[in-house]
Number of protein chains: 2
Amino acid sequence: MTELIRLLTRAQKLLRAAADDAMSRHGVRVGQNLVLEVLWETDGLTPGELAGRLRVTTPTVVNTATRMEAAGLLVRRRDPADGRLVRLHLTPKARAAQEPIEEARRRLAEHAMATLTDDERRHLRSALEKIIDRMSDHPLDLGE
Amino acid sequence: MTELIRLLTRAQKLLRAAADDAMSRHGVRVGQNLVLEVLWETDGLTPGELAGRLRVTTPTVVNTATRMEAAGLLVRRRDPADGRLVRLHLTPKARAAQEPIEEARRRLAEHAMATLTDDERRHLRSALEKIIDRMSDHPLDLGE
DNA sequence: TACGGATCGTTTGCATGCTAATGATTGCGC
DNA sequence: GCGCAATCATTAGCATGCAAACGATCCGTA
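Residues numbered from 1 in each chain as written. Chains lettered and ligands numbered in written order. Predicted model: local features only at pLDDT ≥ 70, side-chain atom pairs only at ≥ 80, totals over all residues. Heavy atoms only, no water.

Peer 1: Just checking my understanding: could you explain the overall build of chain A for this structure?
Peer 2: The secondary structure content of chain A amounts to 7 helices and 2 strands. Seen in sequence order, chain A has helices and strands lined up from the N terminus as α-α-α-α-β-β-α-α-α. When its C-alpha atoms are laid out on the principal axes, chain A stretches across 50 × 45 × 20 Å. Within the span of chain A, comprising 144 residues, buried residues form 42% of the whole. Summarising the internal contacts of chain A: among those between residues at least 6 apart in sequence, 45% fall at separations of at least 24. (Helix = DSSP H or I, 4+ residues; strand = E, 2+ residues; numbered from the N terminus. Buried < 20%, exposed > 50% of the residue type's maximum accessible area, 1.4 Å probe, protein only. Contact = heavy atoms within 4.5 Å.)

Peer 1: How should unusual backbone geometry be read in this particular structure?
Peer 2: As a rule of thumb, non-glycine residues mostly have phi less than zero, and peptide bonds are mostly trans rather than cis. Residue and element names in this part refer to chain A. Positive phi is not limited to glycine here, since arginine 55 has a value of about 55°. Here arginine 55 lies in the loop between helix H3 (47–54) and helix H4 (58–70). When its relative accessible area of 48% is taken as the criterion, arginine 55 is described as partly exposed.

Peer 1: What exactly am I supposed to notice about the environment of His26(B) here?
Peer 2: Tracing the backbone shows His26(B) in the loop between helix H1 (2–24) and helix H2 (30–41). Among residues more than four places away in sequence, those in contact with His26(B) are Pro100(B), Ile101(B) and Ala104(B).

Peer 1: What should I look at first to understand the pattern of salt bridges in this one?
Peer 2: Opposite charge on two side chains permits pairing when their charged atoms draw close. Across all of its chains, the model carries 28 salt bridges over all chains by this definition. Note that Arg106(A) is salt-bridged to Glu99(A), the shortest N-O span being 3.8 Å. Notably, a salt bridge pairs Arg106(A) with Glu103(A), separated by 3.1 Å at the nearest N-O pair. Of this pair, Arg106(A) and Glu103(A) both sit in helix H6 (residues 98–112), separated by 3 residues, roughly a single helical turn. Look at Arg106(A) and you get partly exposed, because its relative accessible area is 40%. Of the residues examined, Glu103(A) reaches a relative accessible area of 33% and is grouped as partly exposed. One network of salt bridges, with partners in common, ties together Glu3(A), Arg6(A), Glu37(B) and Arg105(B). (Salt bridge = Lys/Arg side-chain N within 4 Å of Asp/Glu carboxyl O.)

Peer 1: Sorry if this is basic, but what is going on with the protein's contact with DNA strand C here?
Peer 2: If you check the shell around DNA strand C, you find 25 residues, and the closest are Arg29(B), Gly31(B), Thr57(B), Thr60(B) and Arg67(B). Those atoms of DNA strand C that come within 4 Å of the protein belong to sugar or phosphate at a rate of 81%. Within the side chain of Thr46(A), a nitrogen or oxygen atom sits 3.4 Å from a phosphate oxygen of DNA strand C. Taking Pro47(A), its main chain carries an N or O atom lying 3.4 Å from a phosphate oxygen of DNA strand C. Of all elements in the fold, only H3 and H4 of chain A together with H2 and helix H4 (58–70) of chain B reach the threshold of two or more residues within the surface near DNA strand C. Here the surface near DNA strand C gets 4 residues from one element, more than from any other, and that element is H2(B). Split by residue class, the surface near DNA strand C holds 9 nonpolar, 8 polar and 8 charged. (Near = heavy atom within 4 Å. Polar contact = N/O pair within 3.5 Å; in protein donor to acceptor, adjacent residues only side chain to side chain. Nonpolar A, V, L, I, M, F, W, Y, C, P; charged D, E, K, R; others polar.)

All we've got here are geometric facts, nothing functional implied.
Below, the structure is given as structure tokens:
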């Protein structure tokens, strides 16, 4: 079964590289895209909230946000009600990138799955969900 | 279909984190494990050869090898016949880690796939291979 | 009201990848 | 035999993740 994990890793790497390529055409790197996807839907989230939704640590979001701020994709605003919080707001530049990036993402996904039948896609989805559930609910116990 | 890519990414991330956890018990990080797997089989490869087998760039192997050298897992030796080449040789410490690490890897894989039937595993393997073939043979064309 | 624990974001340091630039060595062609 | 292009490894710089340490702010309690 270790072979299956290798295949999964390799497929994910190919997809990630292709996604990064596609996103880069629009001035967005693959990690930044994850932040954008959430903020397009709900602007003004805090780094901590974003980290929770992306299943990533807060420092990761903070660093990505800093790079995105430098790239002119978002701005930080202190929450007026709670001085500990920082709210991340997208710029018009980030909003303008939404349609082309989502389109690129859709095309990439269709391209990657082009040789899979609907049935194969369903099976793939189901298998991945089982693995995710398994690893989420029962993290590998290594003793002590 | 973009949902399928998200699932694949999430599953891979969970597996990688679990693998890193398991390997760390044996003083080896998940990236170093890839190098070990190849060198256990064929000792004395060059960084370039390793990079080719691992589908990773040469600088990545060089950096990983430097960390592994610092950790006492391997040594660099200049090739006597060709001064440009560097050959990576495992230390006894790295050989001693082989059995426990391979065992941990097997257990992790079995654990992650525990809720999948043989049929589901076959379908998963087949789908992943199709995606890999597709992305390898037909990299997404983005136009110029 | 003042203090101390809880809650955030940030900084720091590391591992893993990449691309581009650099440096050493080889080997072919003249 | 010499020089120059090809071939390697390495270095530098960046993006993405993590964990751990730190600093600021808030809030319940005494």
